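# Structure assessment
Below are the chains, spelled out letter by letter.
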Amino acid sequence: QKGLDALAPLFAGRAPLKVLKTCNNGMSAAAAAQLKDLLGDATSLETFHYFNNMSGDGGAEAVAKIVEASPKLVDVRFSGTRAGRPGSLVFAKALKPRSLLRRVDLVDNTFGAEGGAALGAWLADVEAPLLE
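Quick look at the structure, then. Each chain carries its own residue numbering, running from 1 in the direction its sequence is written. The model is predicted, so local features are restricted to residues of pLDDT at least 70 and side-chain atom pairs to those at 80 or more, both for listing and for counting; the totals for chains, interfaces and linings are taken over all residues. Derived side-chain values reflect all non-hydrogen atoms in the structure, with water molecules and hydrogen atoms excluded from consideration.

### A look at the overall build of the protein chain
Stated formally: Comment: elements are numbered from the N terminus, with helices defined as DSSP H or I runs of at least four residues and strands as E runs of at least two. Atoms considered for the radius of gyration are the C-alpha atoms alone. The globule rule reads 2.2 Å times the number of residues to the power 0.38. Categorising residues by exposure relies on relative accessible area from a 1.4 Å probe, with only protein chains included: less than 20% of the type maximum marks a residue as buried, more than 50% marks it as exposed, and the intermediate range marks it as partly exposed.
Within the protein chain, the regular secondary structure consists of five helices and four strands. Along its sequence from the N terminus, the protein chain presents helices and strands in the succession α-β-α-β-α-β-α-β-α. Whereas a compact globule of 132 residues would reach a radius of gyration of roughly 14 Å, the protein chain reaches 14 Å, a difference of no more than 12%. On the principal axes, the C-alpha backbone points of the protein chain span a range of 40 × 30 × 20 Å. Expressed as a percentage of the 132 residues in the protein chain, the buried residues total 41%.

### Quick notes on the pairing of strand β2 (residues 47-51)
Counted only if it meets this: At least two bridges found by DSSP between two strands are what make those strands a pair. Classification remark: right-handed applies to a crossover when, strands pointing away from the viewer, the course from the first strand over the helix to the second runs clockwise.
Most of β2 sits inside the fold, with five of its five residues counted as buried. Burial of β2 is two-sided: the residues Thr 47, His 49 and Phe 51 facing one way and the residues Phe 48 and Tyr 50 facing the other way are all buried. Pairing geometry for strand β1 (residues 19-23) and β2, over five bridges, is parallel. Residue Val 19 lies in a different strand from β2, and its bridge partner there is Thr 47. In this sheet, strand β3 (residues 75-79) lies alongside β2 in parallel orientation, the contact comprising five bridges. Paired with Phe 48 across the bridge in β3 is Val 76. One crossover worth recording links β2 to the parallel β3 by way of helix α3 (residues 56-68), and it is right-handed.

### Digging into the pattern of salt bridges
Quick reminder of the rule: Counted as salt bridges are all cases of a side-chain nitrogen of Lys or Arg within 4 Å of a carboxyl oxygen of Asp or Glu.
Counting across every chain of the model gives four salt bridges. As a salt-bridge pair, Lys 18 and Glu 46 come within 3.9 Å of each other at their nearest N and O atoms. With a gap of 28 residues between them, Lys 18 in the loop between α1 (2-11) and β1 and Glu 46 in the loop between α2 (29-39) and β2 connect regions that are remote in the sequence. With a relative accessible area of 46%, Lys 18 lands in the partly exposed category. We classify Glu 46 as partly exposed; its relative accessible area is 31%.

Structural data, given as structure tokens:
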């Protein structure tokens, strides 16, 4: 969280943020929740990469809220988070309304049968040519 505390002024009064890549930052679940709070209830994100942060189920839930608040997303990476089935399922469900997505990287997750079904339901609603 200390790193996000230091960056908080950059998020205040900023121009709309379109790209955010949080890679290998060692973010905890609390830091992921803080990131969600810094971004607010509606974002302009088009690219959001969250990987190698190992924030577990709590982090996955916070990241899912960021995805839900980002209707313009076209590129999402959610991998190496150490989220178990509960957190991965919440994240999978957050993808469903994101119809603009073109690139999705979900490497190294534990979605399980229920998460797989949620991802399958999302993919069934997405037009095939939209995904790269």
